[in-house]
Amino acid sequence: MNKDEYKKLVSRLTPKEMKSKNAIVAFLVGGLIGVLTELVIIILMECFGLSRVDACSWACLIVIFIASLFTALGFFDNWVTKAKAGLILPTTGFAHSVMSSALDYKRDGFITGIGANFFKLAGSVILYGIVSAFFFAILGVVLYG
Amino acid sequence: MASIKFNNVYIKDSFTVAGPLESEGQIRKFDLSMDDYYYGEKTFIDAEIKMQKIVIDNLLYRNKMGKKIDLILGGDLSNQITITNFAVKNFSIPFLGIYSACATFAESLIIASNFIENGTIKNAIAITSSHNLNAERQFRFPIEYGAPKASTTTFTATGAVGAIVTNEKSNVKIESATIGTIQDYEQKDATHMGAVMSPAAASVLMDHLNDLKRNIDYYDVVVTGDLGRIGMDILKEFLKINYGVKIKNYMDAGCEIFLKSQEVYSGSSGPVTLPLVLFNKVLNNKKYKKILIIATGSLHSKDTTNQKKTIPSIAHAVSLEVLS
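About the cut-offs
- Residues numbered from 1 in each chain as written.
- Chains lettered and ligands numbered in written order.
- Predicted model: local features only at pLDDT ≥ 70, side-chain atom pairs only at ≥ 80, totals over all residues.
- Heavy atoms only, no water.
- Disulfide = S-S within 2.5 Å.
- Salt bridge = Lys/Arg side-chain N within 4 Å of Asp/Glu carboxyl O.
- Helix = DSSP H or I, 4+ residues; strand = E, 2+ residues; numbered from the N terminus.
- Expected span 1.5 Å × (residues − 1).
- Buried < 20%, exposed > 50% of the residue type's maximum accessible area, 1.4 Å probe, protein only.
- Pairing = 2+ DSSP bridges.
- Domains from an automatic or database assignment.
- Contact = heavy atoms within 4.5 Å.
- Buried area = accessible area lost by both parts, 1.4 Å probe.
- Polar contact = N/O pair within 3.5 Å; in protein donor to acceptor, adjacent residues only side chain to side chain.
- Axes fitted to C-alpha atoms, helices over the stretch in contact; angles between N-to-C directions.
- Parallel < 35°, antiparallel > 145°, perpendicular 65-115°, else oblique.
- Left-handed = near helix turned anticlockwise from the far one by under 90°.
- Nonpolar A, V, L, I, M, F, W, Y, C, P; charged D, E, K, R; others polar.

Draft legend 1. Region of the structure containing the state of the cysteines. Residues and elements named next belong to chain A. Overall, the coordinates contain zero disulfides over all chains when judged by the stated rule. We note that Cys47 lacks a disulfide partner, and the nearest cysteine sulfur, in Cys56, lies 16 Å from it. Left unpaired, Cys56 is separated from the closest cysteine sulfur, that of Cys60, by 8.8 Å.

Draft legend 2. Structural context of the pattern of salt bridges. Within the structure shown, the criterion is met by twelve salt bridges over all chains. Here Arg137(B) makes a salt bridge to Asp108(A), at a shortest N to O gap of 3.0 Å. Residue Arg137(B) is located in helix α4 (residues 132-139), and its partner Asp108(A) is located in the loop between α5 (91-104) and α6 (110-117); the two belong to separate chains. Among the charged side chains, a salt-bridge network with shared partners connects Lys5(B), Glu175(B) and Arg214(B).

Draft legend 3. Spotlight on helix α7 (residues 123-144) of chain A. Taking 1.5 Å of rise per residue, 22 residues should cover 32 Å, and α7(A) covers 31 Å from first to last C-alpha, within 8% of that figure. Gly145(A) sits one or two positions beyond α7(A) and adopts a positive phi of about 80°.

Draft legend 4. Structural detail: the pairing of strand β8 (residues 159-166) of chain B. Residues and elements named next belong to chain B. Most of β8 sits out of view: eight of its eight residues are buried. Neither face of β8 is exposed, since Gly159, Val161, Ala163 and Val165 on one face and Ala160, Gly162, Ile164 and Thr166 on the opposite face are all buried. With eight bridges connecting them, strand β2 (residues 10-18) and β8 associate as antiparallel partners. What sits directly across from Ser14, in β8, is Ala163. Sheet analysis places strand β6 (residues 123-130) next to β8, joined by eight bridges and oriented antiparallel.

Draft legend 5. Main features of the domain arrangement of chain B. Residue and element names in this part refer to chain B. Here chain B is partitioned into domain 1 (3-166) and domain 2 (172-322). Relative to domain 2, the C-alpha centre of domain 1 lies at a distance of 18 Å. On the side of domain 2, 54 residues touch domain 1, which itself brings 52 residues to the contact. Carbon and sulfur atoms make up 66% of the area that domain 1 and domain 2 hide from each other, which totals about 4500 Å². Taken as a group, Ser3, Gln26 and Cys102 account for 15% of the area that domain 1 buries against domain 2, more than any other trio of residues on that side. Viewed at the interface, domain 2 and domain 1 are joined by one salt bridge. In this structure, Glu175 and Lys5 form a salt bridge, with 3.4 Å as the shortest nitrogen-oxygen distance. Here domain 1 and domain 2 share 20 residue pairs in polar contact (both at pLDDT 80 or more) between them. If you list the elements that add at least two residues to the side of domain 1 that touches domain 2, you get β1 (3-5), β2, α3 (104-117), β6, α4, β7 (155-156) and β8. At six residues, α3 tops the list of elements feeding residues into the side of domain 1 that touches domain 2.

Draft legend 6. Up close: the interface of chain B and chain A. Listed per partner, the contact involves 31 residues of chain B and 30 residues of chain A. Around 2700 Å² of area is buried between chain B and chain A when both sides are counted, 59% of it from carbon and sulfur atoms. Sorting the residues of chain B by area buried against chain A places Arg137(B), Glu144(B) and Tyr145(B) first, and these three jointly supply 26% of that buried surface. Counting across the chain B and chain A interface gives three salt bridges.

Draft legend 7. Expanded view of the packing of helix α1 (residues 3-13) of chain A against helix α6 (residues 228-243) of chain B. Axis separation between α1(A) and α6(B) bottoms out at 10 Å; the angle between their running directions is 140°. In terms of orientation, α1(A) lies oblique with respect to α6(B). Every pair of crossing elements has a handedness; the one defined by α1(A) and α6(B) is right-handed. Listed contacts from α6(B) to Tyr6(A), Leu9(A), Val10(A), Arg12(A) and Leu13(A) of α1(A) are Ile230(B), Asp233(B), Ile234(B), Glu237(B), Phe238(B) and Ile241(B). Tallied by class, the residues present in the contact of α1(A) with α6(B) amount to eight nonpolar, no polar and three charged.

The following block contains the structure:
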């Protein structure tokens, strides 16, 4: 059996991932996070008299804090596993990724451990977020002046 | 020739420390079970070192072999096999650290058997361990990240197993062994190790049967290391198509540890998987007199898979005979 035949044999015997089911779960959970955050924004606006811009920043901070706290308490990873990309794509995922990396490396020292590995997973988000923001900003200036 | 026959090598005793999830799986009786992954230590690395120390301590104590062990051989999955190095430093016994990923235990049995057969040494300890969370951190994502996994993924078992290999006659004889060749069928998916390792298992099995002029039915059971549920099917199909061999009395250790309800995807993996099943299940079954174990190892690192290199694999076979 040559290598290509073997690859065919492997793909024949490997069960297919249920991508559509995972996508629906992610859509519902991710959407739920959005709805809950919107609720927080409304509460902040109504009860604390914040402007919408301020309320959005506060709501974002609250979500990040809750996700980090749940990660540190040790049960958020089980939720992430079940919710597929639903908890990874919103800002909860960003908080969770830095917090889980920090926990992993807390014994390796502040500089060589936590410092060097804090953005192990989130580094890509920051880098490519900044790069794409730069290009979209140029595109925005070119198109709309 | 890669196959060696032994006339005078036996396994005297073994000791197992099993992880918390493993102890609630299919095999519930182990020498020791861990209640949690820290095992009373501050880090998972220290926990795994402690597991190996406890195994060696108990083997020495139970068999009153304090000064009689001539050599310890072993390894684990950690970078530079530090776990085994740190565990064995507490005993002033000569040590050979070895690595062939999840085939490490079979490799240490083969090397120990050779020394004993030649009369160079009389008693040796073969040891290996793996810890799910150490493996997760090294090969996959941070422990608390909990990234969703493909159904082909195997779950690294937690545990440590050691065995005394000796020239003193006992119930279990190491009869022969075959050293495997590295196979690379251009698989690149580190989450599908069954597909990576099946060709290595098939190749060493055929070498073994051809060298010793045996038929597959000679063995009461063939136990592969950690191919998992999907890997098992791939191996069976590969043997049938490529070599025309139909394997009947076949068991994969990766499918024998956890229950399906424990959500471990395709089954168990890790160097400890095969010895855990061998010493706590296969050898306890009176039906099996002639046993062939094939430990399979995937020889990749995180860097090689990130650089999209293909994953080579190795397997070693050891034939055991239960006397009396």
